[in-house]
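These are the residues of each chain, in order.
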Amino acid sequence: MFDDDEDDSRPSGLPPEPRPLDASAALLWFLFATGLWIFITLVTVSLRESAASDLVNRVACQAAAYAITFYAIVHIHGAPKGIADVLGIRPTHISFYPLAAGLGVSLQVPAEMIRRVIERRWPTSEEDIAAQLEVLRVDTNVRRIIVAVVAVAIGPMIEEFFFRGALFRGLRRLYSPVLVVP
């Protein structure tokens, strides 16, 4: 009846074509991951009340939520170039490491100035400071090492895999860098 040159029917044994990841889907995935993170955290706190002020527990809950969401994104939107592409893992030039360290150090002074202006305008309450200190509580040397590794390496790495990998790479398949980066 119609003169279509392309046949959209697929053999029954093949998986369905992956759907492109557009901006609205990326926003929904972000909201889903955040909601799942909160839910998992609430479950762990209901099982162990001290988990509410445990940084390691918070990052573990975040990792679980992002891993589940990441799996769903890959399952629905596909991984055309493999898992390394979906995670955003790629080799980089060695000169970027000292450049990144220098940029981080040079931004410390302006960031601290901005923090002080904000703190003068909206001071942190004593209760909030106490809660922040409780999260970073380190009683033993082992706990110091665990909190440092979790706060400096694992937490940021999980976020990079999720945002730069799953969401950014998925959006890049559909949109130009000019639209995706901002």
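Worth saying up front: this structure is predicted, and the values here are computed from it rather than measured.

What counts and what doesn't
- Residues numbered from 1 in each chain as written.
- Predicted model: local features only at pLDDT ≥ 70, side-chain atom pairs only at ≥ 80, totals over all residues.
- Heavy atoms only, no water.
- pLDDT = per-residue confidence, 0-100.
- Helix = DSSP H or I, 4+ residues; strand = E, 2+ residues; numbered from the N terminus.
- Contact = heavy atoms within 4.5 Å.
- Phe/Tyr/Trp six-rings, centres within 6.5 Å; stacked < 30°, edge-to-face > 60°.
- Buried < 20%, exposed > 50% of the residue type's maximum accessible area, 1.4 Å probe, protein only.
- Core = buried A, V, L, I, M, F, W, Y, C linked by side-chain atoms within 4.5 Å.
- Salt bridge = Lys/Arg side-chain N within 4 Å of Asp/Glu carboxyl O.

## Quick word on the confidence of the model for the protein chain
Residues shown with low pLDDT carry predicted positions that ought not to be read at fine detail. Here the protein chain shows a mean pLDDT of 84. Residues at 70 or above account for 88%. Here helix α3 (residues 83-87) stands out as the element of the protein chain with the lowest mean pLDDT, 72, in contrast to helix α1 (residues 23-47), whose mean of 94 is the highest. A low-confidence stretch, residues 1-7 stays under pLDDT 50, and its non-local contacts, those more than four residues away or across chains, total 0 contacts.

## Details of the packing of aromatic side chains
In the structure shown here, the tally under the stated rule is 6 aromatic pairs. Seen in terms of ring centroids, phenylalanine 30 and phenylalanine 163 are 5.9 Å apart; in terms of plane orientation they differ by 50°. Their pairing is tilted. Placement of phenylalanine 30 in helix α1 and of phenylalanine 163 in helix α6 (residues 141-172) is noted, with a sequence separation of 133 residues between them. By relative accessible area, which is 31% here, phenylalanine 30 ends up partly exposed. You can call phenylalanine 163 partly exposed: its relative accessible area is 34%.

## Brief notes about the nonpolar core
Formed by 22 residues in total, the largest nonpolar core has its most connected members in Leu21, Trp29, Leu55, Ile73, Phe162 and Leu167. Those elements that provide at least two residues to this core are α1, α2 (55-77), α3 and α6.

## Topic: the pattern of salt bridges
Scanning the entire structure with this criterion turns up 5 salt bridges. The salt bridge partner of arginine 48 is aspartate 54, with a shortest N-O separation of 3.2 Å. Under the relative-accessibility criterion, aspartate 54 is labelled buried at 13%. The residue arginine 116 makes a salt bridge to glutamate 112 at a minimum N-O spacing of 3.2 Å. Of this pair, arginine 116 and glutamate 112 both sit in helix α4 (residues 96-121), 4 residues apart, which is roughly one turn of the helix. Residue glutamate 112 is classed as partly exposed on the basis of its relative accessible area of 24%.

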